[in-house]
Amino acid sequence: MAVFGSSVIRPGAPEWSEAQQLGRLLGERGFDVATGGYGGAMEAVSQGASERGVNVIGVTAPVLFPQRPGANSYVTHERPAASLTARIEELLTLSVGAVTLPGSIGTLTEFMVAWNELFIRAMADKPRFPVVAVGAMWGRLIPRIADELDTDLSLVTLASSVDDAVVHIQRQLG
């Protein structure tokens, strides 16, 4: 499962605990986790998933982030990508769905690519995958984007918590 989220949250913050819980819940259900591999929500999700013994894949981007020392310590497989678009594409290729936690413009970009991929699949009658956005911020922003762009909001799920997100994923994937 691809997970997108802020790179700036720190241990002890409520957002860290939520991301860590998401990793645990996905791991308990047997989902390997793929993140951007660095710190913040990516590290918290990785930690939670690793506690449950699943593979944690970090798709890093050393060309974009040369100041970062590499994948966080919970990543079991690092996969460097050559660009931002290659990184997002790799995360989605490795995954059966995507969960977006609160974040900033990079997180929004990742979410939008996942939503667009799902939109294209729906037009082509290809199998769909869950795309879930967690939190009040996305609950305000995503409906506005759907309205402004006149696109299909029903393709994505807005969840109030990581627990709700995982319930939706299980329901959609069976």
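Everything here concerns the structure above.
As a starting point, this report considers the structure included with it.

## Points about the packing of helix 1 (residues 14-28) against helix 6 (residues 162-173)
Okay, step 1: For the pair helix 1 and helix 6, the least separation of the axes is 9 Å and the interaxial angle reads 25 degrees. In terms of orientation, helix 1 lies roughly parallel with respect to helix 6. Of the two elements, helix 1 crosses helix 6, and the hand of that crossing is right-handed. Residues Glu18, Gln21, Leu22, Leu25 and Leu26 of helix 1 form the contact with helix 6, whose participating residues are Val162, Asp163, Val166 and Ile169.
Okay, step 2: Each residue belonging to the contact of helix 1 with helix 6 can be placed in one class, and the counts come to six nonpolar, one polar and two charged.

## Examining the nonpolar core
Okay, step 1: Core analysis: the biggest nonpolar cluster contains 26 residues, and Val3, Leu22, Leu26, Val45, Leu101, Val134 and Ile169 have the highest contact counts within it.
Okay, step 2: Contributing elements (two or more residues each) for this core: helix 1, helix 2 (41-51), strand 6 (131-134) and helix 6.
Okay, step 3: In terms of residues, this core owes the most to one element, helix 1, which gives five residues.
Okay, step 4: Those residues within four positions of Leu26 in sequence are excluded, and the remaining contacts are Met1, Val3, Phe31, Val33, Val166 and Ile169.
Okay, step 5: Listed in part, the 23 residues of the second largest apolar core include Ala2, Trp138, Ile142 and Val156.

## Here we look at the packing of helix 4 (residues 105-123) against helix 5 (residues 136-149)
Okay, step 1: Their axes nearest at 13 Å, the elements helix 4 and helix 5 cross at an angle of 50 degrees. What the angle tells us is that helix 4 and helix 5 run oblique. Taken as a pair, helix 4 and helix 5 cross one another with a handedness that is right-handed. Residues Thr107, Leu108, Phe111, Met112 and Trp115 of helix 4 form the contact with helix 5, whose participating residues are Trp138, Leu141, Ile142, Ile145, Ala146 and Leu149.

## Description of the pattern of salt bridges
Okay, step 1: For the coordinates displayed, the defined rule picks out five salt bridges.
Okay, step 2: A salt bridge links Arg24 to Glu51; its shortest N-O distance comes to 2.8 Å. Here the residue Arg24 occupies a position in helix 1, and Glu51 occupies one in helix 2, the gap between them amounting to 27 residues.
Okay, step 3: Each member of the salt-bridge network shares a partner with another, and the members are Glu28, Arg29 and Arg52.

## A word on the side chain of Thr100
Okay, step 1: When you line up the elements, Thr100 lands in strand 5 (residues 98-100).
Okay, step 2: Among all residues touching Thr100, those that are not within four sequence positions of it are Phe4, Thr107, Phe111, Val132, Ala133, Val134 and Trp138.

What counts and what doesn't
- Residues numbered from 1 in each chain as written.
- Predicted model: local features only at pLDDT ≥ 70, side-chain atom pairs only at ≥ 80, totals over all residues.
- Heavy atoms only, no water.
- Axes fitted to C-alpha atoms, helices over the stretch in contact; angles between N-to-C directions.
- Helix = DSSP H or I, 4+ residues; strand = E, 2+ residues; numbered from the N terminus.
- Parallel < 35°, antiparallel > 145°, perpendicular 65-115°, else oblique.
- Left-handed = near helix turned anticlockwise from the far one by under 90°.
- Contact = heavy atoms within 4.5 Å.
- Nonpolar A, V, L, I, M, F, W, Y, C, P; charged D, E, K, R; others polar.
- Core = buried A, V, L, I, M, F, W, Y, C linked by side-chain atoms within 4.5 Å.
- Buried < 20%, exposed > 50% of the residue type's maximum accessible area, 1.4 Å probe, protein only.
- Salt bridge = Lys/Arg side-chain N within 4 Å of Asp/Glu carboxyl O.

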